[in-house]
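Commentary on secondary and tertiary structure
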Protein chains: 2
Amino acid sequence: MASTPSLPLLKDELDIVIPTIRNLDFLEMWRPFFEKYHLIIVQDGDPTKVIKVPEGFDYELYNRNDINRILGPKASCISFKDSACRCFGYMVSKKKYIYTIDDDCFVAKDPTGKDINALEQHIKNLLSPSSPFFFNTLYDPYREGADFVRGYPFSLREGVPTAVSHGLWLNIPDYDAPTQLVKPLERNTRYVDAVMTIPKGTLFPMCGMNLAFNREIIGPAMYFGLMGDGQPIGRYDDMWAGWCIKVICDHLGLGVKTGLPYIWHSKASNPFVNLKKEYKGIYWQEELIPFFQSATLPKDCTTVQKCYIELSKQVKAKLGKVDDYFIKLADAMVTWIEAWDELNPSAEKSTELPNGAAAK
Amino acid sequence: MASTPSLPLLKDELDIVIPTIRNLDFLEMWRPFFEKYHLIIVQDGDPTKVIKVPEGFDYELYNRNDINRILGPKASCISFKDSACRCFGYMVSKKKYIYTIDDDCFVAKDPTGKDINALEQHIKNLLSPSSPFFFNTLYDPYREGADFVRGYPFSLREGVPTAVSHGLWLNIPDYDAPTQLVKPLERNTRYVDAVMTIPKGTLFPMCGMNLAFNREIIGPAMYFGLMGDGQPIGRYDDMWAGWCIKVICDHLGLGVKTGLPYIWHSKASNPFVNLKKEYKGIYWQEELIPFFQSATLPKDCTTVQKCYIELSKQVKAKLGKVDDYFIKLADAMVTWIEAWDELNPSAEKSTELPNGAAAK
């Protein structure tokens, strides 16, 4: 039995969001680490299906009917038949922090054979600052036994608040369909004992499988887009969110970390199905990356909401030419913010950042 | 006895540069890995002192008299009584690659207890491309068992030529004097099994203790500045070079990697002596970092030499206001390039980059 701290960190300040179409037997393995936390389960697909949750977990569950009832016409911004629906969970949460995990992710072991408490590591990542303005060669300078190395400016050592903690995966790596097809047997066996801040101005491919964030400071930008049923694209929900949050974190002076913790990703999804979902994304991303790399936000965008609305305008103006889909997506981004503010009436004010993290 | 490949990689294309003031007994431990390579030893301090080199190594040794004789008045650009003098070795080498190591660095062991062939790992880093334009969350995508993850644009997967490989240190971390004083007992025991590209636009603190580079594509920018005897500053030689090479690599579309290999750094230098050497640097770096972060080079700077001369002009114009030292340093940067071109008459042409790595 793995040990767990007697008082779990942030017990009353964090929700675990799980999108699923099946019984949540995978939670059994996570019991020592998740049991004390509240779960928000977003049921995808057929709402008449009954999802079984193991005994003893504290949870609320939303299916498509619930989403439609709660959001009314604004429910159009929440994807259907795609794990992108998970972002509805971010919206209905009332907590400061979110951890989201896929139901095919299990507890990984560290090199000593000990079960990894992924959630605890994410919380450590979120509660310690980030260092986006200068690279530290010994990785996370806030970690025990580490520090800033010679040549690191002292004025930058306080760091900035951490908005996002991006965890990794052992076993099945998060490859796109073409790479899956070319390397069907490749497994990630390398445990890299590091957490690092992704530098300002650098985009990264954010995977939603094992992800935590500070909902209060970045939540409204954590929209997973329009994917799946009725949409020309899938498997770009987390990527889209990652590009948006990175641009906004860079603008607001917030940090994004990647590295530890690892989870055990149990099975590869079907590469042929994935290829169908992804192929427009693979093509479009060649235009999306330069768009996000050059996106800048005006100084008066001082809240996440304002940043996100501004970004939606730029998406419509610049990516609308790539495909009509992006016009629809830009509109959905606005709907998402409207729905967020409706469910979180005090949020618009509270996401105004303190001086320490002012817009740069 | 550690095993070594029967045919060492790049045997006739790489020089090992070692700055020293003492007998090179430390080479005994490196014998299995260095024995087949040519060494360039730059003797610092009193030129009448005899430096003993263990039997069987192939080397050339330069003391201050040699440097003065070879460079004449241009010898003024080479530091004295400071390990910055090592860059003279880069200049007199005729090889494509350089590895430089301090004489208090020993062979480290990987987590399985095996001796790490640091040079072999550096060579692997230099011979595989870099990926500076987008972050790969599974670290070096060119490493065996790894690849680019989902969401990584295919157009960027070819990467760019790698100019620099920055290795790390187990045991004594490379801290500045204030951190040494505050944490005298801190040791780096964490073996992070990763190599990564430092993203474009991000500066890093480059340490010269365990460093390799492609002399042909970045050598003329690898100048370690004016430090030590007669100068107001020390211990910023490698930092200065790191900031300069990063700006130039970003401009020319070249890659800089950090991470593996580790060496074992045996003993901490005296923090009180270091504080005296560093204190102006600690103060000045607060102005140096913004300077290098905003430095841009014009499009017609298509060779490393042109980039470096242009950078020297910007140093004089912008940092000259910070202290007169930077006016002297800017002049020394020009002298360095003149001396480089004199000793490497064909270099100016050969460093003109192929189309694949054109100025961006």
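All residue numbers refer to position in the chain's written sequence, counted from 1. Chains carry letters from A onward and ligands carry numbers from 1 onward, assigned in written order. Since the coordinates come from a predicted model, pLDDT governs what is reported: local features require at least 70, and pairs of side-chain atoms require 80 or more to be given and counted, while whole-chain, interface and lining totals use all residues. Calculated side-chain values reflect all of the structure's heavy atoms, with hydrogen atoms and water omitted.

Per an unreviewed UniProt entry, chain A carries the name UDP-arabinopyranose mutase and comes from Acer yangbiense. UniProt positions are given in the numbering used here, feature names are shortened, and annotations may be inferred rather than shown by experiment. Taken from UniProt, the Function (unreviewed entry) comment for chain A reads in full: "Probable UDP-L-arabinose mutase involved in the biosynthesis of cell wall non-cellulosic polysaccharides." As stated in UniProt under Sequence similarities (unreviewed entry), the record for chain A gives "Belongs to the RGP family."

We now examine the side chain of Asp103 of chain B. All names here are of chain B. With respect to the helices and strands, the residue Asp103 is situated in the loop between β4 (97-101) and β5 (105-106). Here a polar contact is taken to be a pair of N or O atoms separated by no more than 3.5 Å, where protein atoms must pair a possible hydrogen donor with a possible acceptor and residues adjacent in sequence count only if both atoms sit in side chains. One polar contact links Asp103 to Thr20, side chain to side chain, over a distance of 2.5 Å. Polar contacts involving the side chain of Asp103 include one to the side chain of Arg22, which spans 2.9 Å. If near-sequence neighbours (up to four positions away) are discounted, Asp103 is found in contact with Ile18, Pro19, Thr20, Ile21, Arg22, Leu24 and Phe26. The helix and strand labels rest on DSSP assignments: H or I over at least four residues marks a helix, E over at least two residues marks a strand, and numbering proceeds from the N terminus. Working rule for contacts: check all heavy atoms of both residues, and any pair within 4.5 Å makes them a contact.

Residue and element names in this part refer to chain A. Two aromatic rings from Phe, Tyr or Trp, using only the six-membered ring of Trp, form a pair when their centres are within 6.5 Å; if the ring planes differ by under 30 degrees the pair is stacked, by over 60 it is edge-to-face, and anything between is tilted. Evaluated as defined, the whole model comprises 42 aromatic pairs over all chains. Between the aromatic rings of Tyr223 and Trp336, the centroid separation amounts to 4.9 Å while the plane-to-plane angle is 20 degrees, which identifies the pairing as stacked. Here Trp336 lies in helix α10 (residues 325-343) and Tyr223 lies in the loop between α6 (215-218) and α7 (237-252), a separation of 113 residues in the sequence. Only protein chains enter the accessibility calculation, which uses a 1.4 Å probe; a residue is then buried when its area is under 20% of its type maximum, exposed when over 50%, and partly exposed in between. The buried category is assigned to Tyr223, whose relative accessible area is 0%. A centroid spacing of 5.0 Å and a plane angle of 65 degrees characterise the contact between Trp284 and Phe326, whose relative ring orientation is edge-to-face. Of the two residues, Trp284 sits in helix α8 (residues 271-294) while Phe326 sits in helix α10, which places them 42 residues apart along the sequence. In this structure Phe326 comes out as buried when scored by relative accessible area, which is 1%. Linked through ring pairs, Tyr236, Trp240, Trp243, Trp284, Phe291, Phe292, Tyr325 and Phe326 together constitute an aromatic cluster. Either the NZ atom of lysine or the CZ atom of arginine qualifies as a charge over a ring when it sits within 6 Å of the ring centre and within 35 degrees of the ring normal. Its guanidinium or amino end placed over the ring of Phe154, Arg157 lies 3.7 Å from that ring's centre, counting from NZ or CZ.

For the bond running from Leu260 of chain A to Pro261 of chain A, omega is 5 degrees, close enough to zero to count as cis. Inspection of the secondary structure puts Pro261 of chain A in strand β9 (residues 255-265). Non-glycine residue Lys81 of chain A carries a positive phi angle of around 55 degrees. With respect to the helices and strands, Lys81 of chain A occurs in the loop between α2 (64-71) and α3 (87-92). Located in the positive-phi region is Tyr139 of chain B, a residue other than glycine, with phi close to 65 degrees.

Bringing the pairing of strand β2 (residues 38-43) of chain B into the picture now. Residue and element names in this part refer to chain B. Buried residues dominate β2, accounting for six of its six residues. Alternating positions in β2 separate into two faces, His38, Ile40 and Val42 on one and Leu39, Ile41 and Gln43 on the other, with burial throughout. Two strands qualify as a pair provided DSSP detects at least 2 bridges between them. Both strand β1 (residues 14-20) and β2 contribute to a ladder of six bridges, which runs parallel. Bridge pairing in β2 places Val17 opposite Ile40.

What follows is about the relation of the copies chain B and chain A. When the copies are superposed, the least-squares fit takes in the C-alpha atoms of residues with a pLDDT of at least 70 in both. Its rotation angle being 180 degrees, the transformation that places chain B on chain A also includes 0.0 Å of axial translation and leaves an RMSD of 0.0 Å. Here the copies are linked by what is in effect a two-fold axis. Minimal C-alpha distance to the rotation axis in chain B is attained by Val192 of chain B, lying at 2.8 Å. Here 100% of the contact residues of chain B are again contact residues in chain A; the copies associate through an equivalent surface.

Here we come to the interface of chain B and chain A. At the interface, 59 residues of chain B touch 61 residues of chain A. Across the chain B/chain A interface, buried area totals approximately 5000 Å², and carbon plus sulfur atoms make up 57% of it. Computed with a 1.4 Å rolling probe, the buried area is the accessible surface lost when two parts are put together, summed over both parts. For the chain B face of the interface with chain A, the top three residues by lost area are Phe135, Arg150 and Arg190 of chain B, together amounting to 17%. Throughout this description, the term salt bridge denotes a Lys or Arg side-chain nitrogen within 4 Å of a carboxyl oxygen of Asp or Glu. Remark: the boundary between chain B and chain A carries ten salt bridges. Ionic pairing is found between Arg150 of chain A and Asp238 of chain B, a salt bridge with its closest N-O pair at 2.8 Å. Viewed at the interface, chain A and chain B are joined by 28 residue pairs in polar contact (both at pLDDT 80 or more).

All names here are of chain B. For helices, the axis comes from a line fit to the C-alpha atoms of the stretch in contact; other axes are also lines fit to C-alpha atoms, and the angle between any two N-to-C directions lies between 0 and 180 degrees. At a closest axis distance of 11 Å, the pairing of helix α8 (residues 271-294) and helix α9 (residues 304-319) adopts a crossing angle of 135 degrees. Taken together, the axes of α8 and α9 are oblique relative to one another. Viewed along their axes, α8 and α9 form a crossing whose handedness is right-handed. Along the contact surface, α8 presents Glu287, Leu288, Phe291 and Phe292, while α9 presents Leu311, Gln314, Val315, Lys318 and Leu319. Angle categories are assigned with fixed cut-offs, so that under 35 degrees is roughly parallel, over 145 is roughly antiparallel, 65 to 115 is roughly perpendicular, and the rest are oblique. Helix crossings fall into two classes, left-handed where the near helix is turned counterclockwise from the far one by less than a right angle and right-handed where it is turned clockwise.

Once that is clear, we can look at the environment of Asn210 of chain B. Residues and elements named next belong to chain B. Counting through the fold element by element, Asn210 comes out in strand β8 (residues 210-214). Under the relative-accessibility criterion, Asn210 is labelled buried at 0%. Separated by 73 residues in the primary sequence, Asn210 and Tyr283 place their C-alpha atoms 26 Å from one another. Among the polar contacts made by the side chain of Asn210, one reaches the main-chain carbonyl oxygen of Leu168 at a distance of 3.0 Å.

Turning our eyes to something else, we now look at the UniProt feature "site: Required for activity" (unreviewed entry) in chain A. According to UniProt, the feature "site: Required for activity" (unreviewed entry) maps to Arg150 and Arg157 of chain A in the numbering used here. Other than its neighbours up to four places away in sequence, Arg150 of chain A contacts Asp174, Tyr175, Asp176, Pro205, Cys207, Arg235, Asp238, Met239 and Glu278 of chain B. A polar atom in the side chain of Arg150 of chain A sits 2.8 Å from the backbone oxygen of Arg235 of chain B. Of note, Arg157 of chain A is situated in the loop between α4 (118-127) and β6 (162-171). Apart from the residues lying within four places of it in its own chain, the contact partners of Arg157 of chain A are Tyr142, Phe148, Val149 and Tyr152 of chain A together with Asp176 and Thr179 of chain B.

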